[in-house]
Amino acid sequence: MLYYLFDYLNQMDIPGTGVFQYITFRSGLAIILSLLISTVFGKKIINFLRRQQVGETVRELGLAGQNEKAGTPTMGGLIIIVATLVPVLLLAKLNNIYILLLIVTTLWMGTIGFIDDYIKIFKKDKEGLKGRFKVIGQVGLGLIVGTVLYFHPSVTVRTDTGNTNIFATEQTTVSAVPLEEKSTATTIPFFKDNEFDYAELLSWAGDDYRDYAWLIFIPVVIFIITAVSNGANLTDGIDGLAAGTSAISVIAIGIFTFVSGNIIFSNYLNIMYIPNSGEMTVYIASFVGALVGFLWYNTYPATVFMGDTGSLTIGGIIAVLAIAVRKELMIPVLCGIFLAENLSVVLQVSYFKYTKKRFGEGRRIFLMSPLHHHYQKKGYHESKIVTRFWIVGILLAILSIVTLKLR
């Protein structure tokens, strides 16, 4: 909203109002505003949740310090959602298709998570929303995101940015570049000629195979959104783990988004230029500020938990950001913590079922899954576990960023 106000004032030649045209300036304001909202108003939301007796019901898992967490307010994901959306609504271009998709993703996944938390707390059902309904919601969002990204005319790419004026500003219109085109191309990390087009998987279907690329692209989007949101949900198990690792991953995605949405940097780095995607940097800045502000209350000992309201939302946003900026194949590295948590559960359950069927007794690979509980069972304090997971997350984020040149 403020963007449009200052855009109008800029057209009236009022000095200084043109600064709002710059993504970098608006991103800086977004992260400051989201930090203020999440820290200042976050306390009010926590007090409200406490008055409503929205407390965590802790399952007995035999973990150290577990009982002390009982009664801690949950649904704290509302802090993240509010602190993200308010700066976005004020500072972003609301007619940008990527911004609209991210707002829909935030509200959609936030609603699913909220329903799950509501059932757990007020209906006294520890299982919450049935798993199949969660999956239906995730698939529904994936269907929307995949369809929009494939069919919307504003979602285009330029894989060859041509000759670019290196002295151009963010507002400069660059000439002598190829036309924008619809494409299902994505980026393969660590390879020199690293563009891969999903449509090529249907090349056997005839000359018009590209017309059917959506049959591959949309299911891929559905799978990624479902997998990443569940990974974030599994990671949310000890104080500060999900919010901290997510903030690290999102900062890395923000770098990818900024350079992919800027024709000068994309030309220099020889990467895919994605018109209009740079606006997502404002959203990412707001999201990072919200996550860091939430950590003010969520680090050990936590005074609020994000619940599924936050974890499902975080996972959905990260997935959509990665897909939109054509870095979804980077997710196993960029979100390596989520992947490890997911795999630990899959391996544990699969091995238990296999050994029970074969030997008549279920056996386990880990002391407990997800992975962070395994280390708790080994006697590590949760603060040490979280810090070390953050360090691993930082290393993975750096590795992801260097793929811009390391091929």
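Rules used throughout
Residues numbered from 1 in each chain as written. Predicted model: local features only at pLDDT ≥ 70, side-chain atom pairs only at ≥ 80, totals over all residues. Heavy atoms only, no water. Helix = DSSP H or I, 4+ residues; strand = E, 2+ residues; numbered from the N terminus. Rg over C-alpha atoms; globule rule 2.2 N^0.38 Å. Buried < 20%, exposed > 50% of the residue type's maximum accessible area, 1.4 Å probe, protein only. Contact = heavy atoms within 4.5 Å. Lys, Arg positive; Asp, Glu negative; His and termini not counted. Charge placed at Lys NZ, Arg CZ, Asp CG, Glu CD. Core = buried A, V, L, I, M, F, W, Y, C linked by side-chain atoms within 4.5 Å. Phe/Tyr/Trp six-rings, centres within 6.5 Å; stacked < 30°, edge-to-face > 60°. Lys NZ or Arg CZ within 6 Å of the ring centre and 35° of its normal. pLDDT = per-residue confidence, 0-100. Salt bridge = Lys/Arg side-chain N within 4 Å of Asp/Glu carboxyl O.

Draft legend 1. Geometry of the overall build of the protein chain. For the protein chain, the count of helices and strands is 14 helices and two strands. Here the C-alpha radius of gyration of the protein chain, 22 Å, is about what a compact globule of 407 residues would show, namely 22 Å. Dimensions along the principal axes, computed over C-alpha positions, put the protein chain at roughly 65 × 55 × 35 Å. Going through the 407 residues of the protein chain one by one, you find that 51% of them count as buried. Here the analysis covers contacts within the protein chain between residues at least 6 apart in sequence; of these, 73% occur between residues at least 24 apart. The average position of the 33 basic charges and that of the 28 acidic charges among the side chains of the protein chain differ by 11 Å.

Draft legend 2. Molecular detail of the nonpolar core. In this structure, F287 and I318 are the most contacted members of the largest nonpolar core, which totals 94 residues. Broken down by element, the residue count for this core peaks at 12 residues, all from helix α9 (residues 280-298). Setting aside anything within four residues of it in sequence, one finds I318 in contact with V228, S246, V250, I253, F287, C335 and F338. I238, L241, L371 and V386 belong to the second-largest nonpolar core, a separate cluster that totals eight residues.

Draft legend 3. Examining the packing of aromatic side chains more closely. Under the defined criterion, the tally for this structure stands at 10 aromatic pairs. The interplanar angle of 65° and the centroid separation of 5.4 Å between the aromatic rings of F20 and F25 together place this pair among those described as edge-to-face. An angle of 45° between the planes, with centres 5.7 Å apart, marks the rings of F258 and F265 as tilted. Taking relative accessible area as the criterion, F258 reaches 22% and is therefore assigned partly exposed. For F265, a relative accessible area of 37% gives the class partly exposed. Counting every residue linked through ring pairs, the aromatic cluster contains Y150, F151, F196, Y198 and F217. Of note, R363 hangs over the ring of F359, and the distance from its end group to the ring centre comes to 4.2 Å. Here the basic side chain of K405 rests over the ring of Y268, its NZ or CZ set 5.3 Å away from the ring centre.

Draft legend 4. Broad picture of the confidence of the model for the protein chain. Per-residue confidence for the protein chain gives a mean pLDDT of 87; residues scoring 70 or more make up 91%. The least confident element of the protein chain is helix α1 (residues 2-11), whose mean pLDDT is 79; the most confident is α9, at 96. Contacts from residues 163-177, a stretch scored under 50 in pLDDT, to residues over four places away or in other chains number 25 contacts.

Draft legend 5. Broad picture of the pattern of salt bridges. This structure, assessed with the given rule, holds seven salt bridges. Residues E279 and R26 are paired through a salt bridge, measuring 2.5 Å at the closest nitrogen-oxygen approach. Of the two residues, E279 is situated in the loop between α8 (263-269) and α9 and R26 in helix α2 (residues 23-51); the sequence distance between them amounts to 253 residues. Given a relative accessible area of 4%, E279 falls into the buried group. Note that K120 is salt-bridged to D308, the shortest N-O span being 3.7 Å. Here K120, found in helix α4 (residues 97-122), pairs with D308, found in helix α10 (residues 307-324); they are 188 residues apart in sequence, far enough to count as distant. For D308, a relative accessible area of 7% gives the class buried. Overlapping salt bridges bring together D116, K120, K134 and D308 as one network.

Draft legend 6. Spotlight on unusual backbone geometry. A cis amide bond links Y300 to the next residue, P301, at an omega of -10°. Along the chain, P301 falls in the loop between α9 and α10. Note the cis peptide between S369 and P370, where omega equals 0°. Its identity as a non-glycine residue notwithstanding, N276 has a phi of 75°, on the positive side.

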